[in-house]
Amino acid sequence: MLKFFNNIVARLIAINISYGILDIFLTSFLISYIMRSFENQMVGVAVFYIFWAIMITLGFYLAGDRTKRGNKMAVFRVSILLRICACIILGTCSLNLPIVILVASVLGLADGAMNLPWHNIISEKLSKPQLIKYTGYRQSVAHIMRVVLPMLVAMLITASSYSVMVWMVVPFSVFSFLLSFSVKSAPASSNGLKMKSYLAKCRTNAFNRKLFFCEFVRGLSVDRLLIVMPMLIVYFMHTDFALGWVQSLSSVAIIVSSAFIGRFLTLRGFPMLLTIASVSMLGSVLLFLCLHTVPSLVIYMLVYSVAGRVFFQLLEMNMTNGSNYSALNRENKVEYFISRECCLNLGRAFNCIVLLVIGLLGGGAHALGIMSLIMVIITAFVAVLGVSVSRDVYNATRRGR
């Protein structure tokens, strides 16, 4: 046990996984719960994620000054308490539009208060080789737990209800809260936020402009496939149990790919892996749209789970490595992460507005399938941008910048 707590990578993985257990309830199964609670299923989901995208951006900004001048882990702990509040609301209130907006707002603030200090902690505590190990092994360990949990969760929700089951994951958040005290954090600066001057410098910084645009397009496309995939499963397979077993099967595939990344990936291999992931996602969505059957949907889900996860891991590492790319970013990490989050969530919000319009016009599963094809095609552009960013980081590392 003492050896575990002396290993910063292991501690960060344990905190992140215990925090992330709640994501099983607050992502796919919450989407299913919202769809079953609204007559117009797309509208309910779209409204939830529009408010979530707005509030996570606000959460980043509100947490910014405290993250820069204070204890980053204290801000992270606030996010855990906000998540527990969201669980209490879901566990005690019937789902309607005002409750959806309230839960989305609380979760958005929580995710903003978590992501900003957490990105800074990761950037501060881990070297580039440690970051690769953390990213790969974290996903692998997390999905070992998710092989069984989605199936178990689905069966229990079917036997009782979503609002009852959400109480069972609160203890994981409490554990994450307690474990967070094992990571120390010192103030990064005595100065407050300097967003205006930082953004002015970014306008003439080619690397930052490229990375921020990549994040916007990512939010517009591949990032929001995380919403579209569970919606397609609910449309075609109808039950939480189906959602659970498909997620469990996906986790098995992700375990292998994530462990491979943690063990073998180097900065030099980023471009090839991004390209392979993008081509795989495009091929799987075309298969689904051509056949439009449950087996082709399951294949699409499995391919997307692996390729999409690889894609996310590489883009996240690009983003973290970008925070150390130049003196401008190293000296303004909080401003960097806030700027990146604003670009990402602008893309997310725009995507969800499109989803809302489709829902208001009466679109269904077929329209959602076409939307997913467009999103995957755009993902190819994200891959090109991501490859360019990773090459910049690799070249800077070789030069010892």
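Residues numbered from 1 in each chain as written. Predicted model: local features only at pLDDT ≥ 70, side-chain atom pairs only at ≥ 80, totals over all residues. Heavy atoms only, no water.

### Observations concerning the overall build of the protein
Here is step 1: Scanning the protein for helices and strands turns up 19 helices and 0 strands.
Here is step 2: Taken against the 2.2 N^0.38 rule, which gives 21 Å for 401 residues, the C-alpha radius of gyration of the protein at 20 Å falls within 12% of a compact globule.
Here is step 3: If you line up the protein on its principal axes, its C-alpha atoms span 55 × 40 × 40 Å.
Here is step 4: Every one of the 401 residues in the protein was classed for burial, and the buried ones make up 59%.
Here is step 5: Taking the contacts inside the protein whose residues are at least 6 apart along the sequence as the reference set, 87% of them involve residues at least 24 apart. (Helix = DSSP H or I, 4+ residues; strand = E, 2+ residues; numbered from the N terminus. Rg over C-alpha atoms; globule rule 2.2 N^0.38 Å. Buried < 20%, exposed > 50% of the residue type's maximum accessible area, 1.4 Å probe, protein only. Contact = heavy atoms within 4.5 Å.)

### Details of the pattern of salt bridges
Here is step 1: The final tally for this structure, using the stated rule, is 10 salt bridges.
Here is step 2: A salt bridge links D392 to K210; the shortest N-O distance between them is 2.7 Å. With D392 in helix α19 (residues 365-399) and K210 in helix α12 (residues 206-220), this pair connects stretches of sequence that are 182 residues apart.
Here is step 3: R348 is the partner of D223 in a salt bridge, and the nearest nitrogen-oxygen pair spans 2.8 Å. With D223 in the loop between α12 and α13 (225-237) and R348 in helix α18 (residues 333-360), the pair connects residues that are 125 residues apart, well separated along the chain.
Here is step 4: One network of salt bridges, with partners in common, ties together E215, R218, D223, R224, E316, R340, E341 and R348. (Salt bridge = Lys/Arg side-chain N within 4 Å of Asp/Glu carboxyl O.)

### Overview of the environment of V376
Here is step 1: Relative to the assigned elements, V376 resides in helix α19.
Here is step 2: You can call V376 buried: its relative accessible area is 2%.
Here is step 3: With 92 residues separating them along the chain, V376 and S284 place their C-alpha atoms 9.7 Å apart.
Here is step 4: Excluding anything up to four places from it in sequence, V376 contacts L225, M281, L282, V285 and Y300.

### What about the confidence of the model for the protein?
Here is step 1: For the protein, per-residue confidence averages 81 on the pLDDT scale, and residues scoring 70 or more make up 91% of the total.
Here is step 2: By mean pLDDT, helix α1 (residues 2-5) is the weakest element of the protein at 44, and α12 is the strongest at 92.
Here is step 3: Every residue in residues 1-5 scores below 50 in pLDDT, and together they form 6 contacts with partners more than four places removed in sequence or on other chains. (pLDDT = per-residue confidence, 0-100.)

### Here's the deal with the packing of aromatic side chains
Aromatic ring pairs are defined here through the distance separating the ring centres and the angle between the ring planes.
Here is step 1: According to the stated counting rule, one finds 9 aromatic pairs in the structure shown.
Here is step 2: Judged by centre distance (6.0 Å) and plane angle (70°), the rings of Y49 and W52 are edge-to-face. Taken as a pair, Y49 and W52 lie in helix α5 (residues 41-69) at a separation of 3 residues, close to a single helical turn.
Here is step 3: Ring centres of F207 and Y325 lie 3.8 Å apart, and the angle between their planes is 10°; this geometry places the pair in the stacked category. Taken together, the residues span a long stretch of sequence, with F207 in helix α12 and Y325 in the loop between α16 (294-322) and α17 (327-330) at a distance of 118 residues. Y325 carries the same exposure label as F207, and that label is buried.
Here is step 4: A network of ring pairs unites the aromatic residues F48, Y49 and W52 as a single cluster. (Phe/Tyr/Trp six-rings, centres within 6.5 Å; stacked < 30°, edge-to-face > 60°.)

### Section: helix α2 (residues 8-20)
Here is step 1: With 13 residues, α2 ought to run about 18 Å at 1.5 Å a step, and its terminal C-alpha atoms sit 18 Å apart, in line with that.
Here is step 2: Among the 13 residues of α2, 13 are classified as buried, and the element is accordingly described as predominantly covered. (Expected span 1.5 Å × (residues − 1).)

### Focus: a nonpolar patch on the surface
Here is step 1: Taken together, the side chains of V148, L152, M155, F241, W245 and L249 make up a nonpolar region of the molecular surface, amounting to roughly 510 Å² of accessible area.
Here is step 2: Among the elements of the structure, α8 (128-159) and α14 (240-264) are those that each provide at least two residues to the nonpolar patch.
Here is step 3: Here W245 is to be found in helix α14. (Patch = residues over 30% accessible without salt bridge, like charges linked within 9 Å, V, L, I, M, F, W, Y side chains within 5 Å. Areas by Shrake-Rupley, 256 points an atom, 1.4 Å probe, with all protein chains shown as cover.)

### With respect to the packing of α2 against helix α7 (residues 97-125)
Here is step 1: Two elements in contact, α2 and α7, have axes whose closest approach is 12 Å; the angle formed by their N-to-C orientations is 170°. The angle between the axes of α2 and α7 places the two elements in the roughly antiparallel class. When you trace α2 past α7, the crossing you get is left-handed. For the pair α2 and α7, contact is made by I8, L12, I15, N16 and Y19 and by A110, D111, M114, W118, I121, I122 and K125, respectively.
Here is step 2: Residue classes in the contact of α2 with α7 are distributed as 9 nonpolar, 1 polar and 2 charged. (Axes fitted to C-alpha atoms, helices over the stretch in contact; angles between N-to-C directions. Parallel < 35°, antiparallel > 145°, perpendicular 65-115°, else oblique. Left-handed = near helix turned anticlockwise from the far one by under 90°. Nonpolar A, V, L, I, M, F, W, Y, C, P; charged D, E, K, R; others polar.)

### Quick word on the state of the cysteines
Here is step 1: This model, assessed by the stated rule, comprises 0 disulfides.
Here is step 2: Unpaired in terms of disulfides, C85 finds its nearest cysteine sulfur in C87, a separation of 9.3 Å.
Here is step 3: A relative accessible area of 40% places C85 in the partly exposed class.
Here is step 4: Of all cysteine sulfurs in the structure, the one in C342 sits closest to C352, which takes part in no disulfide; the separation is 16 Å.
Here is step 5: Relative accessible area serves as the criterion here: at 0%, C352 is assigned to the buried category. (Disulfide = S-S within 2.5 Å.)

### Regarding α13
Here is step 1: Compared with the 18 Å implied by 1.5 Å per residue over 13 residues, the 18 Å span of α13 between its first and last C-alpha is a close match.
Here is step 2: For α13, the set of buried residues is L225, I227, V228, M229, P230, M231, L232, I233, V234, Y235, F236 and M237.

### Remarks on the side chain of K333
Here is step 1: Structurally, K333 is set in helix α18.
Here is step 2: Here K333 is in contact with N120, S123, E124, S323 and N324, once residues within four sequence places are set aside.

### Comments concerning the packing of helix α6 (residues 72-92) against α7
Here is step 1: Between α6 and α7, the shortest axis-to-axis distance is 8 Å and the interhelical angle comes to 155°. Looking at the two axes, α6 sits roughly antiparallel to α7. In this structure, α6 meets α7 at a crossing whose hand is left-handed.
Here is step 2: Residues of the contact of α6 with α7, tallied by class, amount to 20 nonpolar, 2 polar and 4 charged.

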